[in-house]
Amino acid sequence: MSMNTEILAQGPKELNNPGLVLLLAQTPNAGKVTYLTEELKALGKIPGYTVVPISFSKNEQKTPWFEQLNPNGRMPALLDNRESKSPIRVFESMSILLYIAKTCDTDGAFWFKDDEDLQTELVSWLAFTHGGTGPMQGQANHFFRYAPEKIPYGIKRYQDETRRLYSVYEAHLSGKHDGQKKEWLVGGRYTIADMNAQPWVRMAFWAGVELDEFPNVSAWVERIEQRPATQAALKIPEQDKLSQLKADPEAAERMAQQASKWIMEGQNK
Ligand SMILES: N[C@@H](CCC(=O)N[C@@H](CS)C(=O)NCC(=O)O)C(=O)O
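The rules behind the values
- Residues numbered from 1 in each chain as written.
- Predicted model: local features only at pLDDT ≥ 70, side-chain atom pairs only at ≥ 80, totals over all residues.
- Heavy atoms only, no water.
- Near = heavy atom within 4 Å.
- Polar contact = N/O pair within 3.5 Å; in protein donor to acceptor, adjacent residues only side chain to side chain.
- Areas by Shrake-Rupley, 256 points an atom, 1.4 Å probe, with all protein chains shown as cover.
- Phe/Tyr/Trp six-rings, centres within 6.5 Å; stacked < 30°, edge-to-face > 60°.
- Helix = DSSP H or I, 4+ residues; strand = E, 2+ residues; numbered from the N terminus.
- Buried < 20%, exposed > 50% of the residue type's maximum accessible area, 1.4 Å probe, protein only.
- Lys NZ or Arg CZ within 6 Å of the ring centre and 35° of its normal.
- Pairing = 2+ DSSP bridges.
- Right-handed = clockwise from strand over helix to strand, strands pointing away.

1. Quick word on the site of the ligand
(1) Moving on: Every residue near the ligand is listed here: T27, N29, F56, Q61, K62, R74, M75, P76, E92, S93, H130 and W262.
(2) Moving on: Contact between the ligand and K62: an oxygen atom at 2.7 Å from a side-chain N or O atom of the residue.
(3) Moving on: With respect to the ligand, the side chain of E92 contributes an N or O atom lying 2.6 Å from a nitrogen atom.
(4) Moving on: Coverage of the ligand by the protein amounts to 83% of the 510 Å² it exposes when considered alone.

Below is the structure:
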């Protein structure tokens, strides 16, 4: 994909680093990607990669150089500078996951290289999360945490829809439809379908949604949370604050207010 290299050069010098260059902040959509890169690093499938932290408070994701990498002005974005190919940009977290899986995880540790039917099922779950959970939970976050006025209808609408989507994972994992209880979303092993969803579901609290009514989902969240690669990813580009925010409602409120400021400033750009 052609990029305007003069405009891109206005960005940080790390954009010239060889290998994979990820642009992100500590958010669920970015976590999806670092869950995968950390798993691949642990398996020696990638040597390492560059992380360029993006500042929401400066709205860096709306700058012309960033929009060369993601025309939607949102993170995460990937620039692949590997020597074997011409530089390519990839945007949308689901697309980045598929791209990294296909080009770095070439023997399919986290996808189904040799089984088209399982791969089709995997893409279905990717799309379900990407088109459902992320956007709906994102709106629940917005109305519950960030909106300048609390609109009960908006809060309820998106929290209920988030719960409904979680109930779909719950039914699937519990074996409601096929009688088979599952530890993972697809094919009996940990894949990018799980990595794509857990970073959102673990943050249910931020949307004001409880996980207690979804026991299989809660166990699956925890199973993924305990993986060493997940723990490493949750430090990129800074330590994830979930437990701290759960324990300290005032700190959560302060963070929501700070975020609300840049969200309001950035949403018309
Ligand atoms: N569908 C996109 C959503 C990306 C997205 O909304 N990213 C958020 C962070 S999780 C963002 O960059 N927000 C900043 C903004 O709205 O300006 C994806 O999955 O990559």
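From this point, things continue past the structure.
2. Regarding the packing of aromatic side chains
(1) Moving on: Within the structure shown, the criterion is met by 12 aromatic pairs.
(2) Moving on: Each ring, one from Y146 and one from W206, has its centre 6.4 Å from the other, and the planes form 55°; the classification is tilted. Of the two residues, Y146 sits in helix α5 (residues 116-146) while W206 sits in the loop between α7 (192-201) and α8 (215-225), which places them 60 residues apart along the sequence.
(3) Moving on: The buried category is assigned to W206, whose relative accessible area is 4%.
(4) Moving on: Relative to Y190, the ring of W184 lies with its centre 5.1 Å away and its plane at 50°, an arrangement referred to as tilted. By the burial criterion, W184 is buried, and Y190 matches it.
(5) Moving on: In this structure, R157 is placed above the aromatic ring of Y158, and the distance from its NZ or CZ to the ring centre is 5.9 Å.

3. A short note on the pairing of strand β1 (residues 19-24)
For a regular strand, side-chain orientation follows a simple rule: the groups alternate between the two sheet faces.
(1) Moving on: Of all 6 residues that make up β1, 6 are buried, and the element is covered over most of its length.
(2) Moving on: Where β1 and strand β3 (residues 77-81) come together, 5 bridges link them in antiparallel fashion. From the neighbouring strand, L22 faces β3, where its bridge partner is L78.
(3) Moving on: Relative to strand β2 (residues 50-53), β1 runs parallel, the two being bridged by 4 bridges. Bridge pairing links V21 to T50 in β2.
(4) Moving on: In this view, the connection linking β1 to its parallel neighbour β2 by way of helix α2 (residues 28-42) has right-handed handedness.

Functional significance is not addressed by these values, which are geometric in nature.
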